[in-house]
Structures are given as C-alpha cells and as structure tokens.
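Survey of secondary and tertiary structure
As a plain string of letters, each chain reads:
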Amino acid sequence: MSAGAGPLYASCNLRVAIINGPRAADERTRPFRQAIDAEWTDEIGPGLDAILVFGGDGTVHRHLSRLAGAMSPVLVVPTGSGNDFASSLGIHNPGDSLRLWKRFIAGQGRVHWIDLGYANSDGDEQTHIFCNVANFGLDSEINRRANELSPFWRANGGYVLSLFPALLRYRAPVIKLIADGHLIERPILLAVAANGTRYGRGLKIAPHANMEDGFLDLCFVRDTSKVKVAALFPLVYIGKHLSLKEVEYLRFRHLRIECEHALDIYADGEFLCRTPAEIRAVPNALPVIAP
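Residues numbered from 1 in each chain as written. Predicted model: local features only at pLDDT ≥ 70, side-chain atom pairs only at ≥ 80, totals over all residues. Heavy atoms only, no water.

**Structural notes on the overall build of the protein**
- Scanning the protein for helices and strands turns up eight helices and 16 strands.
- In the protein, buried positions account for 54% of the 291 residues.
- When contacts within the protein are restricted to residue pairs at least 6 apart in sequence, those whose partners lie at least 24 apart make up 71%.
- Accessible surface, the protein as shown: approximately 12,700 Å² in total, 51% of it carbon and sulfur. (Helix = DSSP H or I, 4+ residues; strand = E, 2+ residues; numbered from the N terminus. Buried < 20%, exposed > 50% of the residue type's maximum accessible area, 1.4 Å probe, protein only. Contact = heavy atoms within 4.5 Å. Areas by Shrake-Rupley, 256 points an atom, 1.4 Å probe, with all protein chains shown as cover.)

Following this line, the structure appears as structure tokens:
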C-alpha cells in the first residue's frame, strides 16, 4: 500500500524529528536540514510530518515501537554498521535518502505503508517488534558473536568473521515450526522470518520477500555438512540458494517456534526473545519514505 506525499511542503512549516544512531554526525544531517525551513526536534511524538533516522538496523530497531506508534512517515538514512533494512527498501546510501527527502518535501515522493513482524515468547506479556529479519539457529550464534566485535569489524565483514567459529561449535537442534497451521519438524541449521530481503550486511536470504504483501517469508536450511554450509553462503549473497535441496521456503502470517531447549531469536541484528515463541506479520504498520 502506498500513497503520495500530499501537498507541496516547501512553503509549509514542517515538524521533523531527527533520530541519530551512534555513527551519525552533524555533517550527515546538515544537507537534510538545509533542504527546508522546518521545526526540528530529537523527540518522537505526535504531530510530526516526518521522522529521519540516521543509523543502521539497530538504530531503527531500538526506536521501532515509537516509530510505529507515531504514524509519521519515516525516512532511513543508512549510516550504520548494518543497513540491510534500508537496502531492502531500495535505499543504498545517504545520497539516496537525500534525493528521496527532496522529492518528499516537494510533494513528489511516495509514502509506503509496510508490514512489521511482532514476536512473543510464551509467558512474556511484552510484544517485540522487528522491521527486517528475525533469525534463530546458527544465525543467532553468529549474531551474538558479531555484536561482540568492535564497530569497525561489525561494519567490515562482521557476519562472515563470526560465521566460521560459530559453525564449528554448532549442533543443529530439532525445531518444530507451525506456519499458518502447517507443521514442519526438522533438524534445522538456520532459519529466518523475513520482512525484508536481506540481512547480515548483504545476504539476500529471502529474495521473494515483499514488505507490503501482509506476509513474512520463512526460509530455513535443514541440517547438513559444514562443508555444504560453507558453500551455501556465497549463493545467499546473490539470492541463488533457494534451488538447493537443503533449503525450504514459504510465506506465512503466523508462525509458532518450539524446541526442546530454548533458542535465542535475534531480529534486526539485536536480541529479540527466546523460544517457545510466536511470530506474526502485522500489515500496513509503518509508513516509510522509499523509492
């Protein structure tokens, strides 16, 4: 679902929030501020005409519940160590974001209402929200290791650097998945519930994912040899892994995850919750400024 940006904003007094991640700097925000005379704030609240988020997946994730609650158009400016959510939206660098911003304030841009993922652990009343990809299995261990790296290494191959030590120690558990009533029970190496197409700084894990279709995409890899796993990841970077016999792929609105031993679930590069848990797609939950 998408809509036009509405009337021309250049002559209006916009109220715009700027949210900075840890790697953001004044020189990044300056061209956006100079593009229009607006009332600027660093608080997410009611009555905003737009929210600019300078950061990566983690920055968006940390503010996601308030972004969804504000119902104001969100523009992501990818300046983080991992920018897969922005890439899934078609925004590949800050220059792309600036061009979108100038079109938006001129009344020529597009606001898309995208889906989000909601997750709940059994017995936990808190609902956890994610915008891009939730993952469990081997990926969770990779995520944990990557998050322990310095910001430089996280931004420069952190996922790959963490893959091989995690793979050496990993033993695939039998995981029970119930996707829209369809039971799947397998020894699973890794699995994702994807809203966006990619994660891990460029891994195109869910090439058919569509953030506006009301579904999440489930992609999982059955247990296989470590040699095959090492060969799998180059294919994932170009989205050509779905033809492998070890890979299964489907769409769902509701997913239940169970395992004999509790598994960590990560999303958008951050810890989300633990199994047993349920994940569901929430349609039209966040307005974004995107191509």
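**Remarks on the side chain of Asp84**
- Residue position: Asp84 is located in helix α3 (residues 84-89).
- Buried charge without a partner: Asp84 forms no salt bridge, and the closest opposite charge is Arg198, 5.5 Å away.
- In contact with Asp84, not counting residues within four places along its chain, are Asp57, Asn132, Arg198, Tyr199, Gly200, Arg201 and Gly202. (Lys, Arg positive; Asp, Glu negative; His and termini not counted. Salt bridge = Lys/Arg side-chain N within 4 Å of Asp/Glu carboxyl O.)

**Examining empty space enclosed by the protein**
- A full pass over the atoms with the stated rule returns one cavity of 30 Å³ or more.
- What the largest cavity holds in volume is close to 30 Å³.
- Lining the largest cavity are Leu190, Tyr199, Ile205, Val221, Leu232, Phe233 and Val236.
- The element best represented in the lining of the largest cavity is helix α8 (residues 226-237), accounting for three residues.
- Here the residues of the lining of the largest cavity are counted per class, giving seven nonpolar, no polar and no charged. (1 Å grid on protein atoms, 1.4 Å probe; cavity = no way out; pocket = protein on both sides within 12 Å on 5 of 7 lines; lining within 4 Å. Points joined across faces, edges and corners; volume = space filled by probe spheres on them. Nonpolar A, V, L, I, M, F, W, Y, C, P; charged D, E, K, R; others polar.)

**So, the pairing of strand β9 (residues 174-179)**
- Residues Ile175, Leu177 and Ala179 point to one face of β9 and are all buried, whereas Val174, Lys176 and Ile178, pointing to the other face, are not buried.
- Relative to strand β10 (residues 182-194), β9 is paired through six bridges, and the arrangement is antiparallel. By the bridge assignment, Val174 is partnered in β10 with Pro187.
- Between β9 and β10, which follow one another and run antiparallel, lie two residues, and Asp180 among them has a positive phi close to 50°.
- Where β9 meets strand β13 (residues 254-259), five bridges bridge the pair, whose relative direction is antiparallel. Paired with Ala179 across the bridge in β13 is Leu255. (Pairing = 2+ DSSP bridges.)

**Things to note about the pattern of salt bridges**
- Taken as a whole and assessed by the stated rule, the structure comprises eleven salt bridges.
- Residues participating in the shared-partner salt-bridge network are Asp122, Lys176, Arg256, Glu258 and Glu278.

**Notes on the packing of aromatic side chains**
- Inspection of the entire model under this criterion finds three aromatic pairs.
- For the ring pair Phe32 and Phe54, a centre distance of 5.2 Å and an interplane angle of 85° mean the geometry is edge-to-face. Pair noted here: Phe32 is in helix α1 (residues 26-34) and Phe54 is in strand β4 (residues 50-55), with a separation of 22 residues, a long-range link.
- The class of Phe32 is buried, set by a relative accessible area of 2%.
- Judged by its relative accessible area of 0%, Phe54 falls in the buried class.
- Ring centres of Trp101 and Phe104 lie 5.9 Å apart, and the angle between their planes is 20°; on these two criteria the pair is classed as stacked. Separated by three residues within a single helix, Trp101 and Phe104 lie in helix α4 (residues 94-105), roughly one turn from each other. (Phe/Tyr/Trp six-rings, centres within 6.5 Å; stacked < 30°, edge-to-face > 60°.)

**Let's talk about α4**
- Relative to the 16 Å expected for twelve residues at 1.5 Å per residue, α4 spans 16 Å between its end C-alpha atoms, a close match to the ideal helical length.
- Those residues of α4 that sit buried are Asp96, Ser97, Leu98, Leu100, Trp101, Phe104 and Ile105.
- Capping of α4 at its N-terminal end is provided by Asn93; its side-chain oxygen lies 3.0 Å from the backbone amide nitrogen of Gly95.
- Just downstream of α4 lies Gly107, where phi reads positive at about 80°. (Expected span 1.5 Å × (residues − 1). Polar contact = N/O pair within 3.5 Å; in protein donor to acceptor, adjacent residues only side chain to side chain.)

**Side note on the confidence of the model for the protein**
- Mean pLDDT over the protein: 86, with 84% of residues reaching 70 or higher.
- Mean pLDDT per element in the protein: strand β1 (residues 2-4) is the minimum at 52, and strand β16 (residues 277-289) is the maximum at 98.
- Residue range residues 5-11 is modelled with pLDDT below 50. Its contacts to residues more than four positions away, or to other chains, number 15 contacts. (pLDDT = per-residue confidence, 0-100.)

**Overview of the nonpolar core**
- Counting residues in each nonpolar core, the largest one holds 46 residues, and the members touching the most others are Ile51, Trp101, Leu116 and Leu286.
- Only β2 (14-20), β4, α2 (57-70), β5 (74-78), α3, α4, β6 (110-121) and β16 provide two or more residues apiece to this core.
- Those residues within four positions of Ile51 in sequence are excluded, and the remaining contacts are Ala17, Ile19, Ile44, Leu67, Ala70, Ser72, Pro73, Val74 and Leu75.
- If you look at the next biggest cluster of nonpolar residues, it comprises 26 residues, including Phe130, Ile175, Ile257 and Ala277. (Core = buried A, V, L, I, M, F, W, Y, C linked by side-chain atoms within 4.5 Å.)

**Quick look at the environment of His208**
- When you line up the elements, His208 lands in the loop between β10 and β11 (216-222).
- Taking relative accessible area as the criterion, His208 reaches 55% and is therefore assigned exposed.
- Taking C-alpha positions, His208 is 9.6 Å from Leu250, a pair spaced 42 residues apart along the chain.
- Not counting residues up to four positions away in its chain, the partners in contact with His208 are Asp217, Leu242 and Tyr249.

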